[in-house]
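# Commentary on secondary and tertiary structure
For reference, the chains in residue letters:
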Amino acid sequence: MMDRRTIPSFDNWRALVAHRPHANVDAILLQFERIGIAAIHRWPDLGPAGELAGFDVLLFDADMGFDAQFPWEPGAAPMPTIALIGSEAPGRVSWALNRGADAHLLKPIGSAGLYSALVIAHHAHRHRRALLAEIADLKARQAAREIVAEATAVLMLRDAIPAKTAFNQIRRLAMASRQSIEQAAAAIVETADSRRLRR
Amino acid sequence: MTRPRFPIGVLFSRSGPYEAPGRQGFDGAMAAIAAINAGKRHDFDLMPVIADPQGNADRYAILCQEMLRAHRLRHVVGCTTSWSRKEVIPVVEKNDALLWYPCVYEGFEASENVVYVAACANQHLVPLLDFILPRFGRQAALVGSNYIWGWETNRIAREAMLHSGGAVVSERYVPIGDTDIGHLVAEIRQKRPSFVLNNLIGPSSYAFLRAYHALGREDPDFHPDRRPVISCNLYEGEIGSLGAAAAGHFTVSCYFEALPTAANRAFLRDLAAAGTTGPVTAFFAESYAAVMLIADAIAAGGSDAIETVLAAATRSHAATPWGEIAIDPVTHHVALPAHIGRARADGAFDIVELAGQAIAPDPFLTRTALRLGGASARPATAQAGNLRVVS
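Along each chain, numbering runs from 1 in the same order as the chain's sequence is written. To label them, take the chains in the order written and letter them from A, then take the ligands in the order written and number them from 1. Only residues with pLDDT of at least 70 are given local features in this predicted model, and only at 80 or more are side-chain atom pairs given and counted; all residues enter the totals for whole chains, interfaces and linings. Each side-chain value is derived from all of the structure's non-hydrogen atoms; neither hydrogens nor water enter the calculation.

Attention now moves to the nonpolar core. Ranked by size, the top nonpolar core spans 131 residues in total, and within it Phe32, Leu59 and Leu118 of chain A together with Leu46 and Trp100 of chain B carry the most contacts. For the purposes of this entry, the term helix denotes a DSSP run of H or I that reaches at least four residues, the term strand denotes a run of E that reaches at least two, and both are numbered from the N terminus. Ranked by the residues each element gives to this core, the list is headed by helix H10 (residues 282–301) of chain B, at 14 residues. The contact definition used throughout considers only heavy atoms, calling two residues in contact when any of these lie within 4.5 Å. When residues no more than four places from it in sequence are discounted, the contact partners of Leu118 of chain A are Phe10, Trp13, Phe32, Ile35, Ile37, Val57 and Ile82 of chain A. Joining through side-chain atoms within 4.5 Å is the link that ties buried Ala, Val, Leu, Ile, Met, Phe, Trp, Tyr and Cys residues into a set, and such a set is a nonpolar core. Note on exposure labels: buried denotes an accessible area under 20% of the residue type's maximum, exposed denotes more than 50%, and partly exposed covers the range between, all computed with a 1.4 Å probe on protein chains only. Formed by 25 residues, the second largest nonpolar core is a distinct cluster that contains Ala141, Leu200, Ala207 and Leu234 of chain B.

Here you go:
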């Protein structure tokens with residue numbers, strides 16, 4: 001079966017091409033015009049950071065680009081990025097990778113290639129952002145496991161019950177109060193701490 | 001004094017699995033070349049350089065390369081399928097030549113070395129669905145030949161149905177040339193869609209329409225008045241040989257032989273005077289128009305160099321059988337009207353919706369609304385497409 005990934009409509013998209021003035025830039029801007037996306041080009045200064053965030057896609061030069069051009073850490077671009085690669089020297093390819101390119105176009109730029117690069121970059125970027133968010137969530141959960149263990153111990157001691165029963169109690173509390181288990185556990189530990197302080 | 005001669009490539013398959021439209025493209029180009037050479041409007045002759053890939057996709061690039069080398073020609077009119085066009089593009093790009101592509105296609109392309117003298121999806125499928133949905137319903141069955149035209153046109157249809165409060169109840173493909181389509185009709189009978197979007201080509205399409213006609217006779221619920229088959233590329237010559245099997249179904253096109261305009265009447269009169277017999281389809285008319293565009297541009301610019309021809313052809317309007325057109329300098333496509341025709345048993349079309357004005361080309365579908373047929377439904381997913389209203 002064919003993949004049913006949604007193709008973005010590119011409605012109202014704005015694109016920034018970070019490349020020195022060159023025939024390749026003209027070719028890219030022409031492709032953008034044909035596709036129907038508003039695009040501008042800047043070099044080497046990409047403009048103020050706040051304004052940069054307003055672009056829906058960034059094309060950057062892998063040949064002459066440099067880290068200081070970007071107001072974000074490598075790999076942390078807030079929009080999909082496409083590397084424009086001329087020299088395939090490993091150092092430059094590696095730099096483009098390190099910047100977190102979601103797709104690439106090889107120079108010289110002809111009359112095709114941009115549309116598929118845009119679609120691929122859009123999906124790669126969205127996928128990566130979703131994974132990063134999931135990883136952050138999992139890390140937070142892992143960090144919170146300690147609090148669950150502590151809350152289980154609190155209930156075991158307080159009510160003289162086995163670990164499994166204590167844990168089920170936390171789970172029921174979480175469900176009843178529509179919280180995560182970690183949040184419910186934190187509340188139990190906090191209550192126990194304050195009782196201890198009052199004594 | 002002899003007139004200067006400019007060679008022009010004519011690259012169509014006159015045999016193989018899509019010979020009917022291929023022949024129409026060939027005949028249209030040759031009729032236009034003959035008209036130019038016989039007429040006084042141009043002070044030069046066009047010399048056709050002919051090659052026939054016989055429907056074999058692998059022959060197109062080789063034959064195109066040969067004609068470009070041997071005759072140093074700059075312009076090739078040809079290709080019917082998208083598959084063959086994709087084969088030819090690298091050749092014309094490398095040789096600084098122009099391919100004039102005279103057939104409807106799915107879009108998502110804009111080569112600097114191609115001029116697209118026929119409709120892309122926003123000029124055929126989109127207005128066709130816009131016409132059909134409010135009249136027949138929003139449950140679509142999609143059938144297609146197993147290559148890029150069928151896949152992509154059906155993908156766009158699927159997206160349009162999604163945005164238009166409709167649904168796709170089935171989607172099936174068969175290899176190009178395959179006529180074993182019983183399972184397609186059986187599924188359609190079971191799913192009872194409001195209409196069938198037919199992106200089959202050649203013998204597969206004919207076999208399907210015959211089988212669907214047989215189904216309609218067995219079960220009146222599948223009569224074209226209830227659940228029609230709709231196409232973006234099924235024209236006069238082909239429905240002529242299908243007779244009653246095609247009657248009542250719908251096609252969208254910038255050109256029908258029945259077009260009631262002065263330009264079309266004059267075009268058909270000239271063709272008849274020149275001895276053309278048989279039906280004249282959009283494939284014929286678009287190919288004819290492509291040669292006329294080339295000739296007028298050579299006349300205006302005084303050279304067949306592609307920059308000169310492109311500059312002239314994008315600057316001024318040229319007369320075609322369906323009206324005046326100009327090439328969009330950005331996309332190399334043309335604005336086209338989308339008329340809706342309903343097939344008759346005698347091989348002609350009744351034009352049931354005569355388009356008021358030409359639709360600007362939007363090959364990448366970034367400026368076209370896909371909410372069609374008066375749909376008010378919100379799209380079913382958060383990933384909404386473009387929701388602007390089609391003009």
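Bringing the pattern of salt bridges into the picture now. All names here are of chain A. Should a side-chain nitrogen of Lys or Arg be within 4 Å of a carboxyl oxygen of Asp or Glu, the pair is scored as a salt bridge. Taken as a whole and assessed by the stated rule, the structure comprises 29 salt bridges over all chains. A salt bridge links Arg42 to Glu51; the shortest N-O distance between them is 2.5 Å. What makes Glu51 partly exposed here is its relative accessible area of 36%. Of the charged contacts in the structure, one is a salt bridge between Asp63 and Lys107, with a shortest N-O distance of 2.7 Å. Taken together, the positions of Asp63 in the loop between strand S3 (57–61) and strand S4 (81–85) and Lys107 in the loop between strand S5 (103–106) and helix H4 (114–159) put the pair 44 residues apart, joining distant regions of the chain.

What follows covers unusual backbone geometry. Excluding glycine, a negative phi dihedral is what most residues carry, and trans is how most peptide bonds are arranged. In this model, Trp43 of chain A is joined to Pro44 of chain A through a cis peptide bond whose omega is -10°. Mapped onto the fold, Pro44 of chain A is located in the loop between strand S2 (38–42) and helix H2 (49–52). Between Lys107 of chain A and the following residue, Pro108 of chain A, the backbone shows a cis peptide bond with an omega angle of 0°. With respect to the secondary-structure elements, Pro108 of chain A resides in the loop between S5 and H4. Positive phi, normally seen in glycine, also occurs at Ala160 of chain A, with a value near 55°. If you trace the backbone, Ala160 of chain A turns up in the loop between H4 and helix H5 (163–176). The phi torsion at Phe108 of chain B lies on the positive side, around 65°, for a residue other than glycine. With respect to the secondary-structure elements, Phe108 of chain B resides in the loop between strand S4 (98–101) and strand S5 (114–116).

So, on to the packing of helix H6 (residues 182–191) of chain B against helix H7 (residues 202–218) of chain B. Residue and element names in this part refer to chain B. Between the N-to-C directions of two axes lies an angle of 0 to 180 degrees, each axis being a line fitted to C-alpha atoms and, for a helix, fitted only over the stretch in contact. Orientation of H6 relative to H7, taken along the N-to-C sense of each, is 40°, at an axis distance of 10 Å. Relative to H7, the element H6 lies oblique. Relative to H7, the crossing made by H6 is right-handed. Note on element contacts: H7 touches H6 through Phe208, Ala211, Tyr212, Leu215 and Glu218, opposite Leu184, Val185, Ile188 and Arg189. As a working rule, the residues Ala, Val, Leu, Ile, Met, Phe, Trp, Tyr, Cys and Pro are called nonpolar, Asp, Glu, Lys and Arg charged, and the rest polar, with Gly in that last group. Counted by class, the contact of H6 with H7 contains seven nonpolar, no polar and two charged residues. An angle counts as roughly parallel when it lies under 35 degrees, as roughly antiparallel when it exceeds 145, as roughly perpendicular when it falls between 65 and 115, and as oblique in every other case. It is the rotation of the near helix from the far one that decides the hand of a crossing: anticlockwise by less than a right angle makes it left-handed, clockwise makes it right-handed.

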